[in-house]
Amino acid sequence: IDSSDNHELILKERQLYIGKNLSISYTKKVKIDKGALQYLYDDQGNTFLDCVNNVSHVGHCHPTVVKAMQKQIATLNTNTRYLNDNIIKYAKELTALLPKELAVCYFTNSGSEANDLAIRMSRHFTKQKDVIVLDHAYHGTSTTAIEMSPYKFDGKGGFGKMPYIHKAQNPDMYRGEFKYRDAEAGEKYAKDVDRIIESLATESKKPAAFICETLLGVGGQIALPPNYLKEVYSKVRNAGGICIADEVQVGFGRVGEKFWGFELQDVVPDIVVLGKPIGNGHPLAAVVTTREIADAFNNGMEYFNTFGGNPVSMATGLAVLQVIEEEELQKNALEVGNYLVNRLAELKPNYDIIGDVRGNGLFVGVELVRDRITLEPAVPEIDTIVEKMKERGFFISTDGPLYNVLKIKPPIIFSKQNADEFVDNLNVVLGEL
Ligand code: PMP
């Protein structure tokens, strides 16, 4: 059978054997056979520049990571009930990269599971149940994580908002109520959290937690306004709640200027949730918290996680940190990210469809609109752009509540030459629209 028949067959069998709502990209599907650093290779001999996979953080199949995993899996892989050096070594290295308050680690297998655990800890600590989330946010696919995710519970097939969940305004300075030009936008958006805290107080309740990403991914590739988290964290803490930073998409040097997204806002969360890039594609995630919160969680119920923190995952995590440091990838994310954002911004005067170009490091969004005044989203034009870029060998994707933001978050080894190739091709595709 030739390749195209093979695709038909895979799709058919996928429909038969796999849940039909398992997400799949592109109208004309691709079958990727191999990956190497920022490149992916399909079964037809085509090469793609991966401009969107923020999981393969240090590059697909990075040899240092692969070797570390191979070595450990050939030596031992078991659960955490035996003494093992790797988990201690990794916890030490990870916490050394975090503010000193964030000192105790719990390892899980996915970001969803880690967010779930973080919420559970906040409820133990505060003896409260209510959680404040940002509108349009996504925090994962477990039952609790879905309850924290307006992107899911408000969307198709969602069960709606649970009474103990409260949505605060998405602090979007392009499309939201308070714009870039408003120097007080951060403080103004933060006020929406007062509204929720006050309304809880009328029922003699307090928030257990406030959870948000430190740059908003599904919310639309949005950097938070200055002072936003400082204000919100102080309001939430004064009300007795704890502050959870979901760094699943943005952590580990991607934002360039800092290692963690929350550092851009000059705050220290009470719990930080890590995932995706932490294992470069290996299923690993973590919750890191203060000793006080960890002690409260140690309430007699054992914490056991069959796979979480196993020696192979820990060896993988260690190798990822090693590569980030050895290859100075945070610095690369900053330099290449700035270069990419500047080159994208240079396209703006030529194409009215480009409403906003924004980003920190290699976490970049380009919001597409049909009209720069009404901000009508350029959908489905954006899908045409994504498909055409794929035909030219570039993988990107869309995000945002209106699905009109081009999402660009490549492995952070992305080079200036990659940025040039990408922008030059985007220029051609926009010209063809
Ligand atoms: N939090 C954020 C911000 C995410 O983007 C995601 C995944 N897209 C998750 C949590 C859930 O992570 P996972 O898919 O590893 O469960």
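In the nomenclature of an unreviewed UniProt entry, the protein is known as 4-aminobutyrate aminotransferase of Flavobacterium gillisiae. Heading Cofactor (unreviewed entry) of the UniProt record for the protein holds this comment: "pyridoxal 5'-phosphate". The Sequence similarities (unreviewed entry) comment attached to the protein in UniProt states, word for word, "Belongs to the class-III pyridoxal-phosphate-dependent aminotransferase family."

(A) Quick look at the site of the ligand. Surveying the vicinity of the ligand reveals 15 residues, the closest of which are Ser 110, Gly 111, Ser 112, Gly 140 and Val 248. In terms of residues, the shell around the ligand owes the most to one element, helix H4 (residues 111-126), which gives 3 residues. Per-class residue counts for the shell around the ligand are 3 nonpolar, 10 polar and 2 charged.

(B) Spotlight on the sheet that holds strand E13 (residues 354-360). Overall, antiparallel pairing links the 4 strands, which are arranged E13-E14-E17-E16 in an open sheet. Both outer strands of the open sheet, E13 and strand E16 (397-399), are each paired with one neighbouring strand and no more. Taking the axes of each pair of neighbouring strands and ignoring which way they run, one obtains an average angle of 30° across the sheet. In terms of strand pairing, E13 meets strand E14 (residues 363-368) through 6 bridges, oriented antiparallel. Counterpart to Arg 358 in the pairing with E14 is Gly 365. Of the strands in this sheet, E13 and E14 touch helix H11 (residues 329-347), which is tilted by about 175° from E13. The sheet contacts of helix H12 (residues 381-391) involve E14, E16 and strand E17 (405-408), and relative to E16 the element is tilted by about 155°.

(C) Region of the structure containing helix H10 (residues 311-326). Here H10 contains 16 residues, and its C-alpha end-to-end distance of 22 Å stays within 8% of the 22 Å for a straight helix at 1.5 Å per residue. The set of residues buried in H10 consists of Pro 311, Val 312, Ser 313, Met 314, Ala 315, Thr 316, Gly 317, Ala 319, Val 320, Val 323 and Ile 324. Check the buried side of H10 and you find it contacts helix H2 (63-73), helix H3 (85-96), strand E4 (104-108) and H11. Phi turns positive, to about 50°, at Glu 328, one or two residues after H10.

(D) Region of the structure containing H2. Among the residues making up H2, those that are buried are Val 65, Ala 68 and Gln 72. Along H2, the residues classed as buried sweep out an arc of 65° about the axis, all on the same side. Turned more than 90 degrees away from the buried face of H2, the exposed residues are Pro 63, Lys 67, Gln 70 and Lys 71. The secondary structure elements touched by the buried residues of H2 are H10.

(E) A look at the environment of Lys 71. Mapped onto the secondary structure, Lys 71 falls in helix H2. For Lys 71, a count of 12 C-beta atoms within 10 Å gives the class exposed. Counting along the chain gives 62 residues from Lys 71 to Leu 9, while the straight-line C-alpha distance between them is 36 Å.

(F) Quick peek at the nonpolar core. Ranked by size, the top nonpolar core spans 117 residues in total, and within it Phe 210, Ile 244, Val 273 and Ala 286 carry the most contacts. The residue makeup of this core includes at least three contributed by each of domain 1 (22-51 + 328-432) and domain 2 (63-326). Look past the residues within four positions of Phe 210 in its chain and what remains in contact with it is Ile 132, Val 193, Val 232, Val 236, Gly 241, Cys 243 and Ile 244.

(G) Representation of the sheet that holds strand E5 (residues 130-134). The sheet built from 7 strands is open, its strands ordered E4-E12-E11-E10-E7-E5-E6 with mixed pairing. Edge positions in the sheet fall to E4 and strand E6 (165-168), since each of these pairs with one other strand and no more. Strand-to-strand, the axes of this sheet are offset by a mean angle of 20°, without reference to chain direction. One ladder, built from 4 bridges, connects strand E11 (residues 271-274) with strand E12 (residues 285-289); its direction is antiparallel. Residue pairing for E12: Val 272 is matched across the bridge by Val 288. This element, helix H7 (residues 185-201), spans E5, E6 and strand E7 (207-213) of the sheet and lies at about 155° to E6.

(H) The pairing of E4, seen in detail. Across the 5 residues of E4, 4 count as buried, placing the element largely inside the fold. Pairing analysis gives 5 bridges linking E4 to E12, with the strands arranged antiparallel. Note that in E12 the partner of Thr 108 across the bridge is Ala 285.

About the cut-offs
Residues numbered from 1 in each chain as written. Predicted model: local features only at pLDDT ≥ 70, side-chain atom pairs only at ≥ 80, totals over all residues. UniProt positions renumbered as here; feature names shortened; annotations may be inferred. Near = placed C-beta within 6 Å. Helix = DSSP H or I, 4+ residues; strand = E, 2+ residues; numbered from the N terminus. Nonpolar A, V, L, I, M, F, W, Y, C, P; charged D, E, K, R; others polar. Pairing = 2+ DSSP bridges. Axes fitted to C-alpha atoms, helices over the stretch in contact; angles between N-to-C directions. Contact = placed C-beta atoms within 7 Å. Expected span 1.5 Å × (residues − 1). Buried ≥ 20, exposed ≤ 12 C-beta atoms within 10 Å, placed from the backbone. Arc of directions from axis to C-beta. Core = buried A, V, L, I, M, F, W, Y, C linked by C-beta atoms within 7 Å. Domains from an automatic or database assignment.

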